[in-house]
Each structure stands twice: as structure tokens, then as C-alpha cells.
Amino acid sequence: MSHKVLCAGDDVLVRMLERLEELYAIGGGAGANRVGGTEAEDEAHQLAAGWMREAGLDVAVDSHGNLVGRTGDDGVWTGSHLDSVPNGGKYDGALGVVAGIEAVERAGVGAVVAFRDEERGCTGSTAFVEAGALPRCFLEVHIEQGPVLEQAGAQLGLVTGVVGMVRGTRIFEGAPGHAGTVPMSRRQDALVAAAEYVLRVREVAAAIDGAVATVGQLEVEPGAVNVIPDRVTLSVDARAPDAHRLRRLAHELELEPEFALEPVTLPEAPRAAFRAELEARKLPLVELASGAGHDAAVLALAGVPTGMLFVRSLNGGVSHSPSELSSAEDIEVAVDVLTGALTRLAGHD
Ligand code: GLV
Ligand code: MN
Ligand code: MN
């Protein structure tokens, strides 16, 4: 894959790439480290607030910490999130905010939002929709985080819908004991019970078409090399493309949902605006569903006409990893398409 060689006229693109680097450098470590609720997320929001002011936008922070930059014609919103997973990639969430600032500045209409704490459960966007002052329309630009666009040779894709998910915690209890003296036949090892459950998570999800489930966090107590574990707490993230399969998955995994996002089909109207912009540039029309959760899904479920534009992920679509990659030329065309769609939906085309 050849990458764009930047020229002197590419000021806007250079600025966006520099901003993505600045966000990536916050928090240190091997990748993006701006977990929701940390000082690193606050720092990212402060940086973005400065960029919004430079773009001439009216900047405000709501009572949940969501950051909004508005023009005087702010019916149509765009944006994404600035938090990341631990050791995440450069583009997840950050691209939608950085591209949104450029597009709103260029279009001279709309508003751009950075929602708080998306990765751990869409906290900012959920609080935002519960507060009730909803935009007329919402557009989110986000990297695909999968291989479909790369395989199709398409720079951009139109999202048809967003997967449903439930997340919960399971606790396994046993009896503590000495690792050297308790015979194997007399043990109540909480980690062995948890391990059996982890294998069941894999089997249950594999048996439901289109479902996936992941155990990503495990806390073992007391956590000593020579003590039989007496308590294990683990996280489950379970996803399925429709409500029926999601309920079956949650039921079979005996999950009490602590966070749930219903599967949602995105409506045709905002997608048509993106489609018209792709057609105008003779770009291929690839439509695909999202297996990742997004703030866009929260807004769509709240009844806001919502569209999502995916930007091709390279490196086989890897995401939630420092290997996440999208190209400068794909980012450049995404901002053009977003600017056009914002203008259309604001009624200024
Ligand atoms: C967000 O990236 C999610 O799908 O977990
Ligand atoms: Mn994201
Ligand atoms: Mn993510």
C-alpha cells in the first residue's frame, strides 16, 4: 500500500495528522492511553476545546463533560469520542473528533461533539441523550476496525447498523488454601471454575450465528503464587446482530447486564447524504454493519436520524491496538465527504 506524500498545500491534512499524533502522545505507554475518567481523557478534551476555538466555534462543556463546538447553525452534529482502550490505536474515536472539527469549520454549519467515556460503556452519549436536547441529525466518522473495506479496495463505507451488546460481571467463589498442602481432590479453586466458564463463553458464542463474546478482564484473589484462588471476578462482553440472538446469548451466559446497547439499524436519510457525496466523487458504495459499538448507536436508539461513515482500516483491519492504521488519503477524502454531507443535511447545498 503506497501512502500519500504530503505537499505544501496539504495544510489541513497535516494539521489533522498532527492532532492525531498529539492525542496519541497523551498518557504515554505503548499506544493510546486515554481511558475514560482519567486525567488523560481530560487532557484530550482540553486540547480539542482549543482546536474548536481555533476553528471559530462556540465551545461548551455539558454537565457530563461532553465537549461541543458550535457554529451559529447547529442543527446537524458530528463527532465521536476521545477516550481510548488501554494501549489502543491512534484513530479509534479521535479521528471522528479531529475530522469533525475540520468539517464543521469548512462547512461553516453544524456542531462537533466529543463524547466522554465511550469505550467503557458510552457514558457520555447516554447521559447526553437522557438530558433530552437532541440534535436534528448526527453524523459520526469512525475507522472501520475490521477488514471489509480494505478487502473491497474502498476508502470509505456506509454503515447500515450497529451490533447489539451486553456487558456484565461474573463472580466465582471457592476456598483459599495452601498451594502445597491441599490435595487436588479437596480443592475449591475459584479460578478453575472461572476457566470452565471462559471456555463456555467461547462455545456459546460460536454456536449462535454472528455472535461474539469476550472475557477481557480477570481479577484473581488473593492473587498470590502459592495460594489457591478463593474469588475470581471476570468481565463478559457479548454481542449479536439482532435482539433475538443477543437475548439468547445473554441468557445462555447467565449475564445480568450492567451495560446494554440494543442492535440498531441506521436510517436511510443521513446515509443518503453520505451516498450522494460518495457518488459525486465516483467512490465505490460499500455498505456494511458495525461489529463495534458507537456513540452513533446511542443517538440512533434515542431517535436522532444518525449516519456513520467508516474509513478504511489497514493492517487487516486491526483495532484496539497500536497497530491500528488508516491512510492520510483516506482521512482526507473522509473529511471532504463529511463536509459535503453536513452541508447537505443543514440544507445549504
Ligand atoms: C468500542 O470500541 C466497542 O465496540 O467496544
Ligand atoms: Mn470508537
Ligand atoms: Mn474502541
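Small disclaimer: the values here were computed from a predicted structure and weren't measured.

1. Focus on the coordination of the manganese ion (ligand 2)
Geometry sets the ideal angles at a metal, namely 109.5 degrees for four tetrahedral donors and 90 or 180 degrees for six octahedral donors. Distances from the manganese ion (ligand 2) to its protein donors, His81 (NE2), Asp92 (OD) and His142 (NE2), fall within 2.0 to 2.2 Å. Here the donor residues for the manganese ion (ligand 2) map to a single chain with the spacing H-x10-D-x49-H. Between the manganese ion (ligand 2) and the manganese ion (ligand 3), a separation of 3.6 Å is found, and both are coordinated by aspartate 92. With aspartate 92 in the loop between strand S3 (76-81) and helix H3 (94-107) and histidine 142 in strand S5 (residues 137-143), this pair connects stretches of sequence that are 50 residues apart. On the basis of relative accessible area, aspartate 92 is assigned to the buried category, the value being 5%.

2. Considering the environment of methionine 52
Tracing the backbone shows methionine 52 in helix H2 (residues 39-54). Judged by its relative accessible area of 0%, methionine 52 falls in the buried class. Sequence-wise, methionine 52 and valine 113 are 61 residues apart; in three dimensions their C-alpha atoms are separated by 9.8 Å. Dropping the residues within four chain positions of it, methionine 52 is found in contact with Leu57, Val59, Leu67, Val68, Gly69, Ile101 and Val112.

3. Considerations on the site of ligand 1
All residues in the neighbourhood of ligand 1 are listed as Glu118, Glu119, Arg167, Arg239, Ala292, Gly293 and His320. Glutamate 119 has a polar side-chain atom sitting 2.9 Å from an oxygen atom of ligand 1. Contact between ligand 1 and arginine 167: an oxygen atom at 3.0 Å from a side-chain N or O atom of the residue. Relative to its unbound accessible area of 200 Å², ligand 1 is 94% covered by the protein chains. For the shell around ligand 1, a count of residues per class yields one nonpolar, two polar and four charged.

4. What to know about the pairing of S3
Within S3, six of the six residues are buried, leaving the element largely enclosed by the surrounding structure. When S3 meets S5, the two strands line up parallel, connected through three bridges. Looking at S5, one finds that threonine 78 is bridged to leucine 139. Two elements, S3 and strand S4 (residues 111-115), share five bridges in a ladder whose sense is parallel. What sits directly across from threonine 78, in S4, is valine 112.

5. So, the packing of helix H8 (residues 268-280) against helix H10 (residues 328-345)
For any two helices packed against each other, the geometry is given by the interaxial angle and the distance between the axes. In contact at an axis separation of 9 Å, H8 and H10 are set at 130° when each is read in the N-to-C sense. With respect to each other, H8 and H10 are oriented oblique. The element H8 and its partner H10 pack so that their crossing is right-handed. The residues of H10 that touch H8, namely those facing Pro270, Ala273, Phe274, Ala276, Glu277 and Leu278, are Val337, Leu338, Gly340, Ala341, Arg344 and Leu345. Across the contact of H8 with H10, the residue classes tally to nine nonpolar, one polar and two charged.

6. So, H10
In a regular helix each residue adds 1.5 Å, so 18 residues correspond to 26 Å; H10 covers 26 Å between its end C-alpha atoms and thus fits that length. Across the 18 residues that make up H10, a large majority, 14, are buried. One or two positions beyond H10, positive phi appears at glycine 347, with a value near 80°.

7. Digging into the pattern of salt bridges
Taken as a whole and assessed by the stated rule, the structure comprises 26 salt bridges. Linking arginine 106 and aspartate 336 is a salt bridge whose minimum nitrogen-to-oxygen distance equals 2.7 Å. Placement of the pair is arginine 106 in helix H3 and aspartate 336 in helix H10, with a sequence separation of 230 residues. One salt bridge connects arginine 248 with glutamate 252, and the closest N-O pair in it is separated by 3.0 Å. A residue pair is termed a helical-turn pair when its members lie 3 or 4 positions apart in one helix, as arginine 248 and glutamate 252 do in helix H7 (residues 243-252) at four residues. Connected through salt bridges with shared partners, the residues Arg15, Arg19, Glu54, Glu102 and Glu105 form a single ionic network.

The rules behind the values
- Residue numbers here run from 1 along each chain, matching the order of that chain's written sequence.
- Labels follow written order: the first chain is A, the first ligand is 1, and so on.
- Predicted model: local features are reported for residues with pLDDT of at least 70 only, side-chain atom pairs are reported and counted for 80 or more only, and whole-chain, interface and lining totals are derived from all residues.
- To get the side-chain values, take all heavy atoms of the structure and skip hydrogens and water.
- Donor criterion used throughout: N, O or S atom within 2.8 Å of the metal, extended to 3.2 Å for Na, K and Ca. Water excluded; incomplete-looking sites may result.
- Secondary structure elements are taken from DSSP: a helix is a run of H or I of four residues or more, a strand is a run of E of two residues or more, and numbering for both begins at the N terminus.
- Type-normalised accessible area, obtained with a 1.4 Å probe on protein chains alone, sets the label of each residue: buried when under 20%, exposed when over 50%, and partly exposed for intermediate values.
- The contact criterion used is simple: two residues touch if any of their non-hydrogen atoms lie within 4.5 Å.
- Only a single heavy atom is needed: when it lies within 4 Å of a molecule or strand, its residue is near that molecule or strand.
- Definition of a polar contact: a pair of N or O atoms within 3.5 Å, with one able to donate and the other able to accept a hydrogen when the atoms are protein atoms, and with sequence-neighbouring residues admitted only if both atoms are side-chain atoms.
- Computed by Shrake-Rupley with a 1.4 Å probe, the accessible areas treat only the displayed protein chains as cover when residues are assessed.
- Any residue that is not Ala, Val, Leu, Ile, Met, Phe, Trp, Tyr, Cys, Pro, Asp, Glu, Lys or Arg is counted as polar, Gly included; the first ten are nonpolar and the last four charged.
- Two strands pair if DSSP finds at least two bridges between them.
- Here an axis means a line fitted to C-alpha atoms, over the contact stretch when the element is a helix, while the angle between two N-to-C directions is reported on a 0 to 180 degree scale.
- Roughly parallel here means an angle under 35 degrees, roughly antiparallel means over 145, roughly perpendicular means 65 to 115, and every remaining angle is called oblique.
- By convention the crossing between two helices is left-handed if the near helix lies anticlockwise of the far one by an angle smaller than a right angle, and right-handed if it lies clockwise.
- Expected helix span is given by 1.5 Å per residue-to-residue step, counting one fewer step than there are residues.
- Counted as salt bridges are all cases of a side-chain nitrogen of Lys or Arg within 4 Å of a carboxyl oxygen of Asp or Glu.

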